[in-house]
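Chain residues, written in single-letter form:
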Amino acid sequence: MPEGIFCNKKPINTEEDLKALLSDTRGTKYYEEMLSLEVDREKLWDTIQKTCKSRLRTWLDVCARCGLCADSCFLYLVNDCKPEQVPSYKIQSTLGEMVRRKGDVDNEFMRHAMEVAWSRCTCCNRCAMYCPHGIDIGIMMGYTRGLLYSQGFVPWELKIGAGMHRVYRAQMDVTTEDWVETCEWMAEEQQDDWPGLEIPVDKEDADIMYTCNAREPKHYPEDLAEAAILFHIAGENWTVPSEGWEQTSLSMFAGDWEACKLQVQNVYAAIDRLKPRRVIGTECGHAHRATVIEGPYWAGRPDGQPPAPYIHYVQWVAEALRTGKLKIDPAKRIRQPVTYQDSCNYIRNWGLAETAREILSYLVEPGYLIEMTPNKEHNYCCGGGGGFNGIGKFRPQRNKALLTKRDQILSTGAKLVIAPCHNCWDAIRDLEEEYHIGIDWSFLKPLLIKMVIIPDHLKPQDEEGDEA
Amino acid sequence: MYAFLTGPMLWLSFAIFVIGCAWRVVNYVKGLSWQLDRVPYGCNKDLAVKGALRSIFHWLIPYASASWRQKPVFAAAFFLLHIGLVLVPIFLYAHVMVVAERFGVSWPTLPDGLADILTILAVAAGVFILLRRFGLSEVRIITTPHDLWIMAISLAPLVTGFVAAHQAGDNSGWLLAHIVTGEIWLIAIPFTKLSHVVLFFCSRAQIGVDFGVKRGGQRGRGIVW
Amino acid sequence: MFEKILFATTGSPECDSAARVAFDMARQYGSKLTLFHVLGIPGKGDSNLVIDTRTGEEVDADAEYLEGVADELKTTYAKQLAGCASCEIEIAVGVPSREILRMARSRDPDIIVLCGPAEAPQAGFYKRGVVGDNLRKVAKAARCPVLTVSRPSASFWGGFSNIVFATDFSKASESAFQFAVTVSKAVDGELHLFHCVDLNRFQSPIALTQDGIEARLAEARRRLQHEYAAKLGDFKRFTSEVWEGTPYVEIVKFARERQADLIVLAHHARDVDPDERPFGSTLEQVIVRASCPVVSVNRPDRLPQAAEA
């Protein structure tokens, strides 16, 4: 049977196709068509032979079937320790089978594999730390997603998401004009409180080039304003690019490697164009993973380095606090029980656990920080990683997964969760909506703005108004 | 028969074992790709070596990793099995004597009593691990016949050797069995999951380099145990 | 006086009062009215899922749904729309305050009409944030005056007799003053200048002695005269008062006493931390309690010219 109108092996490359797929509410027709989507077995095996090499093959072959990965996986634990959730089983029954059968698998198998790859794994890489052989099932699951994507077996929202990156080089339909307009707008809006605030676009040779998440200009431009305010207070010489300003990658969640490459190259092109001394990303974990950690390899850079030093927002904040560029008013430090969400992508997979603690030592009054158990590199996924947050079909599974984080937070007794990662922030918001545990959660930016001492020369020349 | 098994067949077994394992390692390294694996092989050599070594040692030392500590009983069984399987064949007086007779080299040996204890513990651990495969649901679902076979192949030389060493009277039957199972074991190593004899080090080194250079090593972290 | 009006509505009965005023104004001034509805806050992921701001439920905001919403709005406001010469309906998805500001930036209205917060903030992330934040954020950032109507008794933009202008002597209050003067002149009403000395701000016992208070009252009276009354030129129909107390209470009382048809004040330019001001700013409190429309003006950008009404 020929490929479907909505569900097929072709990536979304035009605005037209994107709108068409979006119009299929909740992907109803898309998933219907998926029931008859054929598997191109030759192509599948060919791809596996070309891309499944030593590391992955050995991982698959040498797995001692010891089951130590089970207790490392939050999805296994939260799903009442069902054996089907054992990481080794999850990957052996999907990728393992594809390899053993040399790609000779059918539609039903692929749909099942899709369910495993996108609802039974968030690619949090925690299992890698607990396996005696150091097998990283999260990485393998990501690879499997790539195989599934290339065959058209990908959740609706992620096919759209990958399409967004292909069409807009951003995860949402924010054009260059929209972006630049928003920068101007935010700078204007802040003039009352922050006279002289600028959001410079395309400034060359700046110290900092800032990149962010398309959701910010699209729906929450205050985030951009906050970033600008903090750079302003810190006296940074910074800029944003008019193109290549978006650093997220739903394409990575989708397994669309080609789109990942295009997306990352767009950002790197901006770096090459503007030649900043370094690049700073917004508070987003997967954006950092895609653009800084994995990105260089997609862009063909064997040393794994982007064209300029590229750091996560948390690194800049720590540096700013350490060097005094941002000074915290001790009277405004956090004095309520607070905990910290160690996200997979920039903590376990980039090593910023202690950097985060350094920031907290400035922001939180001693005695009020209560660490989660486990924490730092051993922390569990927020419940929404790897695209889990966005996939309607797997919402029930995602909501179950949120229980892990809910219980972790409840155990700390904290009333505030600091989560400098868009996905984690969303997951925690959702768990509050779902389970009503009465917590608040925040990025770093709004907290910093509330607590930071404003240098006199930046205060608006006043207006001695008494408070009305 | 005996001469054949302790002569050419033994040579062949060892040859297959050594060359097979070497082939496995070479193949492994050849198949690494910075682009497919997304790991900067060849860059940051200091961090890479440090990462690889840390990765290996934290798992070779009992309870040195969080995972071992989380599974203390299994860890105990694991180490007892492997210590027996590795130390006893290499340091058993009877084996060293054979090597000394043939090649004139020798090395320190285990006291017989200790060798016995290690062997018994290793076999007990192996049986425990086998039973665990059926007893725990998370292990049962991923256990395959292959896993059962390689445990059998690995325990057979220990059992037969132990009996042969303690058999009063004519032990030639058990001795033969010991030699045969030992050779089967050696030959099986490169072709089965027993290749983890070398692949464990390869795999651990690789993930050590991954975390040690790419995923945190440059910020002083890497895998935190 | 108001060529373009932006009326932001939830389309529900809570906004009836505000609707009445908005359409009333449009009729009186022949304005072009943009009826703006923010459908919902975007949900998770890339789809058309939005959280309906009214119900807090997830809905699929596809083309069909949006059309349905537009139709619903047309029905709800059928009568008013019939009497309105030039009206467009716009629908958006996003955080309401942000989308209102975005629409304002695009349409550049002379005044924004909002439904005021009638009740205490409700539970839930979406509901809680929406209503109070709307007002706070829009009033702060809007470049034009913002008119908020919250109570049915406050839904009348008619022949004004009495306009109360409450000031805190801030720079923003100057713009509010300009607006109040223009409107007063245009409707031929009486302007009542008012300042409340905020007793809650004084900590030291000395400041709170009667002498201390009266000294401040005298100072405030002097400033009212100097900074405002003196600038009224030949417009003579005004009074000037200074009371002491809690500003929003006194403003509402004063407005009641003067039988005000309109209250004009500045939203304080500084952001009000919800933690520090649990009851909201003076503006919010006045809006909830006043029995007439309340206009907040922050900037001189888009003040109405003193044209013929």
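Residues numbered from 1 in each chain as written. Chains lettered and ligands numbered in written order. Predicted model: local features only at pLDDT ≥ 70, side-chain atom pairs only at ≥ 80, totals over all residues. Heavy atoms only, no water.

**Here we look at the domain arrangement of chain C**
All names here are of chain C.
Inference 1: For chain C, the assigned domains read domain 1 (4-149) and domain 2 (160-304).
Inference 2: Listed as interface residues are 19 residues of domain 1 and, on the opposing side, 20 residues of domain 2.
Inference 3: The three residues of domain 1 that bury the most area against domain 2 are Arg 136, Lys 140 and Arg 143, which together make up 36% of that side's buried surface.
Inference 4: Between the two partners, domain 1 and domain 2, sit zero salt bridges.
Inference 5: On inspection of domain 1 and its partner domain 2, the count reaches seven residue pairs in polar contact (both at pLDDT 80 or more).
Inference 6: Listing elements by their share of the side of domain 1 that touches domain 2, those giving two or more residues are helix H5 (125-141) and strand S7 (146-149).
Inference 7: A breakdown of the residues in the side of domain 1 that touches domain 2 according to their chemical character gives twelve nonpolar, two polar and five charged. (Domains from an automatic or database assignment. Contact = heavy atoms within 4.5 Å. Buried area = accessible area lost by both parts, 1.4 Å probe. Salt bridge = Lys/Arg side-chain N within 4 Å of Asp/Glu carboxyl O. Polar contact = N/O pair within 3.5 Å; in protein donor to acceptor, adjacent residues only side chain to side chain. Helix = DSSP H or I, 4+ residues; strand = E, 2+ residues; numbered from the N terminus. Nonpolar A, V, L, I, M, F, W, Y, C, P; charged D, E, K, R; others polar.)

**As for the sheet that holds strand S6 (residues 416-418) of chain A**
The strands that make up a sheet are held in pairs by hydrogen bonds between backbone atoms, and each pair lies either parallel or antiparallel.
All names here are of chain A.
Inference 1: In space, the three strands of this open sheet follow the order S5-S6-S7, with parallel pairing throughout. One side of each edge strand has no neighbouring strand; the edge strands of this open sheet are strand S5 (338-340) and strand S7 (440-442). Averaged over all adjacent pairs, the angle separating strand axes in this sheet is 25 degrees, with direction ignored.
Inference 2: For S5 and S6, the ladder comprises three bridges, and the chain directions are parallel. Opposite Thr 339, over in S6, you have Val 417 as the bridge partner. (Pairing = 2+ DSSP bridges. Axes fitted to C-alpha atoms, helices over the stretch in contact; angles between N-to-C directions.)

**Some words on the interface of chain B and chain A**
Inference 1: The interface is formed by 49 residues belonging to chain B together with 55 residues belonging to chain A.
Inference 2: Area buried by chain B at its contact with chain A is led by Arg 38, Ile 142 and Arg 215 of chain B, which between them contribute 16% of it.
Inference 3: Across the chain B-chain A interface, the total number found is eight salt bridges.
Inference 4: Two residues, Lys 71 of chain B and Asp 71 of chain A, come together in a salt bridge whose shortest N-O distance is 2.4 Å.
Inference 5: Where chain B packs against chain A, one counts 23 residue pairs in polar contact (both at pLDDT 80 or more).
Inference 6: Contributing elements (two or more residues each) for the side of chain B that touches chain A: helix H2 (8-30), helix H3 (34-37), helix H5 (66-70), helix H8 (112-135), helix H9 (137-140) and helix H12 (196-214) of chain B.

**As for the packing of aromatic side chains**
Inference 1: Summed over all chains, the structure comprises 32 aromatic pairs over all chains.
Inference 2: Arranged with centres 5.5 Å apart and planes meeting at 90 degrees, the rings of Phe 194 of chain C and Trp 243 of chain C form a pair that is edge-to-face. Within this pair, whereas Phe 194 of chain C is found in strand S9 (residues 190-198), its partner Trp 243 of chain C is found in strand S10 (residues 238-245), the two being separated by 49 residues in sequence. An identical accessibility class is assigned to Phe 194 of chain C and Trp 243 of chain C; each is buried.
Inference 3: Among the aromatic residues, ring-to-ring pairing joins Trp 59, Trp 68, Phe 74, Phe 78, Phe 79 and Trp 225 of chain B into one connected group.
Inference 4: The ring of Trp 257 of chain A has Arg 38 of chain B sitting right over it, with the charged end atom 5.6 Å from the ring centre. (Phe/Tyr/Trp six-rings, centres within 6.5 Å; stacked < 30°, edge-to-face > 60°. Buried < 20%, exposed > 50% of the residue type's maximum accessible area, 1.4 Å probe, protein only. Lys NZ or Arg CZ within 6 Å of the ring centre and 35° of its normal.)

**Notes on the sheet that holds strand S1 (residues 208-211) of chain A**
Residue and element names in this part refer to chain A.
Inference 1: Spatial ordering of the open sheet is given by S2-S1-S3-S4, a layout of four strands whose pairing is parallel. Sheet topology places strand S2 (238-239) and strand S4 (310-311) at the edges, where each strand pairs with a single neighbour.
Inference 2: Here S1 runs beside S2; their pairing, made up of two bridges, is parallel. Residue Ile 208 lies in a different strand from S2, and its bridge partner there is Trp 238.
Inference 3: The sheet contacts of helix H17 (residues 313-323) involve S1, strand S3 (278-281) and S4, and relative to S3 the element is tilted by about 110 degrees.

**A few points about the state of the cysteines**
Inference 1: Summed over all chains, the structure comprises one disulfide over all chains.
Inference 2: The partner cysteine of Cys 15 of chain C in its disulfide is Cys 115 of chain C, sulfur to sulfur 2.1 Å. An S-S torsion of about 105 degrees defines the bridge between Cys 15 of chain C and Cys 115 of chain C as right-handed. Residue Cys 15 of chain C is located in the loop between strand S1 (4-8) and helix H1 (16-29), and its partner Cys 115 of chain C is located in strand S6 (residues 111-115); the two are separated by 100 residues in the primary sequence.
Inference 3: Unpaired in this structure, Cys 260 of chain A has its nearest cysteine sulfur neighbour in Cys 123 of chain A, at a distance of 12 Å. (Disulfide = S-S within 2.5 Å.)

**Focus on the side chain of Arg 65 of chain A**
Inference 1: Note on placement: Arg 65 of chain A falls in the loop between helix H4 (54-62) and helix H5 (74-78).
Inference 2: We note that Arg 65 of chain A is buried and unpaired, the nearest opposite charge coming from Asp 147 of chain B at a distance of 4.6 Å.
Inference 3: Here Ile 142 of chain B takes part through its backbone oxygen, which lies 2.9 Å from a polar atom of the side chain of Arg 65 of chain A.
Inference 4: What Arg 65 of chain A contacts, discounting residues up to four positions off in sequence, is Ser 88, Gln 92 and Arg 100 of chain A together with Arg 133, Val 139, Ile 142, Thr 143, Thr 144, Asp 147 and Lys 193 of chain B. (Lys, Arg positive; Asp, Glu negative; His and termini not counted.)

**Quick look at the pattern of salt bridges**
Inference 1: By the definition in use, this model includes 59 salt bridges over all chains.
Inference 2: Residues Lys 218 of chain A and Asp 173 of chain A are paired through a salt bridge, measuring 2.8 Å at the closest nitrogen-oxygen approach. Taken as a pair, Lys 218 of chain A in helix H11 (residues 215-219) and Asp 173 of chain A in the loop between helix H9 (156-168) and helix H10 (176-189) lie far apart in primary sequence, 45 residues in all.
Inference 3: When the shortest N-O distance is used, the salt bridge between Asp 24 of chain C and Arg 27 of chain C registers 2.5 Å. Of the two residues, Asp 24 of chain C and Arg 27 of chain C are both situated in helix H1; the distance of three residues between them amounts to about one turn of the helix.
Inference 4: Judged by relative accessible area, which is 15%, Asp 24 of chain C ranks as buried.
Inference 5: A relative accessible area of 54% means that Arg 27 of chain C is categorised as exposed.
Inference 6: Salt bridges sharing common partners tie together Arg 55 and Asp 136 of chain A together with Asp 37, Asp 210 and Arg 215 of chain B.

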